[in-house]
Amino acid sequence: MGDTLEEPWWESPSGAGSTPGKNDFCSQVLLLKNFSFDPSDDEVIEKASGKRTAAQQDLDSKPAVKKKRKQPTECFLSQPEEKQETAVKTKRRKKKKISDILEKSASKPGVPADLQNLLSQHFGENRSVIEIEELKLSDSCFLPANDLTHSFSSYLKEICPKWAKLRKNHKEKKSVVMLVICSSALRSLELIKSMTAFKGDCRVLKLFAKHIKIKEQMNMLEKGVFHIGVGTPGRVKALVEQDGLCLNSTKYMILDWNWRDQKLRRMMDIPEIKKETIDLLETSIIKLCRDGSVKLGLF
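What you see is a predicted model, and the numbers here were worked out from it, not measured in a lab. (Residues numbered from 1 in each chain as written. Predicted model: local features only at pLDDT ≥ 70, side-chain atom pairs only at ≥ 80, totals over all residues. Heavy atoms only, no water.)

## Focus: the overall build of the chain
Right, so step 1: A tally of helices and strands in the chain yields 13 helices and five strands.
Right, so step 2: A burial count over the chain gives 32% of its 299 residues as buried.
Right, so step 3: Here the analysis covers contacts within the chain between residues at least 6 apart in sequence; of these, 75% occur between residues at least 24 apart.
Right, so step 4: Roughly 21,300 Å² of accessible area belongs to the chain as shown, and the carbon and sulfur atoms make up 54% of that amount. (Helix = DSSP H or I, 4+ residues; strand = E, 2+ residues; numbered from the N terminus. Buried < 20%, exposed > 50% of the residue type's maximum accessible area, 1.4 Å probe, protein only. Contact = heavy atoms within 4.5 Å. Areas by Shrake-Rupley, 256 points an atom, 1.4 Å probe, with all protein chains shown as cover.)

Below is the structure:
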């Protein structure tokens, strides 16, 4: 090394031998000294990184923008309109039922004039004036009508005060003294139970088609004596036509006129029962009523 500061320590004095390690180190130092860094490059890099961080902060600070969904306004508006239209259509197409009309109307007891009007309306189109006159019944052919205050037993006691005598005198087979016509088999059973206070020990025959064959009923009429027959017009008419039931000994015929079923229908409001009842009246009962042997009652 040199003795003074001005003399570089790495330079060997003249004539002195040099080693390879010193030369390599000196060459590297010279290269680093000669290579100059531009400070502007560092500033550019810092500015770029600063811009990136600022942009990232701006993105973080801004709230996430949600995509707006289009509201299906047309669908929501169209659905209630369709419901309203369908509701209006159903209201217009709805037809009035007999039960709806009868619910609002007050129940009135049947009178003989109701039966007369029913017969005239039924035969008015197909019969002549003379034939319609023959089907009309006078007031003397009718018993007092039920005013909706009687039970079935009390009504029968009122219209037939001499029932005990009639029951004892009746000894003919294939016939009954009293015939009760109603709309169904279930209603027949109800009437049979409700006349317990009136019938006493007299015999009652069921005259309906449910669970009972017509031959069985004909055999019962031939073998025994019955005082009261309760049933439907269709089965009674069939028994009369097949000579299983004779009406010559019959004194009373009661129509279950005022009773209404679950649908608020009377027996004459049911087309099938109405036709069968009118046919029975035309073929057998009206003639006997005009002769005075049978009385009609509306319960």
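## Re the side chain of Thr232
Right, so step 1: Within the fold, Thr232 resides in the loop between strand S3 (228-231) and helix H12 (233-241).
Right, so step 2: Note on Thr232: relative accessible area 13%, which makes it buried.

## Let's talk about the pattern of salt bridges
Right, so step 1: The tally for this structure, following the rule as stated, stands at nine salt bridges.
Right, so step 2: With a shortest N-O distance of 2.8 Å, Asp201 and Arg167 are connected by a salt bridge. Note that Asp201 is positioned in the loop between helix H10 (196-199) and strand S2 (204-207) and Arg167 in helix H8 (residues 163-169), a separation of 34 residues in sequence.
Right, so step 3: For Asp201, a relative accessible area of 60% translates into the label exposed.
Right, so step 4: Since its relative accessible area comes to 19%, Arg167 is described here as buried.
Right, so step 5: One salt bridge in this structure joins Glu190 and Arg187, with 3.2 Å as the shortest N-O distance. In this pair, Glu190 and Arg187 are both assigned in helix H9 (residues 185-194), three residues apart and thus about one turn of the helix distant.
Right, so step 6: For Arg187, a relative accessible area of 10% gives the class buried. (Salt bridge = Lys/Arg side-chain N within 4 Å of Asp/Glu carboxyl O.)

## A look at the sheet that holds strand S5 (residues 295-298)
Right, so step 1: Pairing is parallel across the open sheet formed by five strands, whose spatial order is S2-S3-S1-S4-S5. The sheet is open, and its two edges are formed by S2 and S5, each paired on a single side. Direction aside, neighbouring strands of the sheet carry axes that sit 20 degrees apart on average.
Right, so step 2: Note that S2 and S3 share four bridges and pair parallel. (Pairing = 2+ DSSP bridges. Axes fitted to C-alpha atoms, helices over the stretch in contact; angles between N-to-C directions.)

## Here we look at H9
Right, so step 1: Residues of H9 that are buried: Ala185, Arg187, Ser188, Leu191 and Ile192. Burial along H9 is one-sided: seen end-on, the buried residues are contained in an arc of 155 degrees. Structural note: H9 exposes Leu186 and Lys193 on the side pointing more than 90 degrees away from its buried face.
Right, so step 2: Tucked inside the fold, the buried residues of H9 contact helix H7 (152-159), strand S1 (178-181), H10, S2 and S3.
Right, so step 3: Near the N-terminus of H9, the side chain that reaches the backbone nitrogen of Arg187, with its oxygen 3.3 Å away, is that of Ser184. (Arc of directions from axis to C-beta. Polar contact = N/O pair within 3.5 Å; in protein donor to acceptor, adjacent residues only side chain to side chain.)

## Some words on the packing of aromatic side chains
Right, so step 1: Across all of its chains, the model carries three aromatic pairs by this definition.
Right, so step 2: Ring centres of Tyr155 and Phe299 lie 5.5 Å apart, and the angle between their planes is 45 degrees; on these two criteria the pair is classed as tilted. Here Tyr155, found in helix H7, pairs with Phe299, found in the segment after S5; they are 144 residues apart in sequence, far enough to count as distant.
Right, so step 3: In textbook terms, an aromatic cluster arises when at least three aromatic residues are bridged by ring pairs, as seen for Phe152, Tyr155 and Phe299. (Phe/Tyr/Trp six-rings, centres within 6.5 Å; stacked < 30°, edge-to-face > 60°.)

## A short note on the packing of helix H11 (residues 214-223) against H12
Right, so step 1: Remark: H11 packs on H12, axes separated minimally by 11 Å, with the N-to-C direction vectors making an angle of 60 degrees. Here H11 lies oblique to H12, going by the angle between them. The element H11 and its partner H12 pack so that their crossing is right-handed. Each of Ile214, Gln217 and Met218 in H11 lies in contact with H12, whose residues at this interface are Arg235, Ala238 and Leu239.
Right, so step 2: Residue composition of the contact of H11 with H12, grouped by class: four nonpolar, one polar and one charged. (Parallel < 35°, antiparallel > 145°, perpendicular 65-115°, else oblique. Left-handed = near helix turned anticlockwise from the far one by under 90°. Nonpolar A, V, L, I, M, F, W, Y, C, P; charged D, E, K, R; others polar.)

## Looking at the nonpolar core
Right, so step 1: Ranked by size, the top nonpolar core spans 40 residues in total, and within it Met253 and Leu296 carry the most contacts.
Right, so step 2: Put simply, the parts of the chain that give this core at least two residues each are helix H5 (112-123), S1, S2, H11, H12, strand S4 (252-255), helix H13 (271-291) and S5.
Right, so step 3: Grouped together as the second largest cluster of nonpolar side chains are 21 residues, Phe152, Trp163, Met195 and Phe299 included. (Core = buried A, V, L, I, M, F, W, Y, C linked by side-chain atoms within 4.5 Å.)

## Details of the pairing of S3
Right, so step 1: Of the two faces of S3, both are covered, the one formed by Ile228 and Val230 as well as the one formed by Gly229 and Gly231.
Right, so step 2: Here S1 pairs with S3 via four bridges, running parallel. The partner of Met178 across the bridge, within S3, is Ile228.
Right, so step 3: Assessed by its sense of winding, the connection that carries the chain from S2 through H11 to S3 is right-handed. (Right-handed = clockwise from strand over helix to strand, strands pointing away.)

This is a description of form; function is not addressed.
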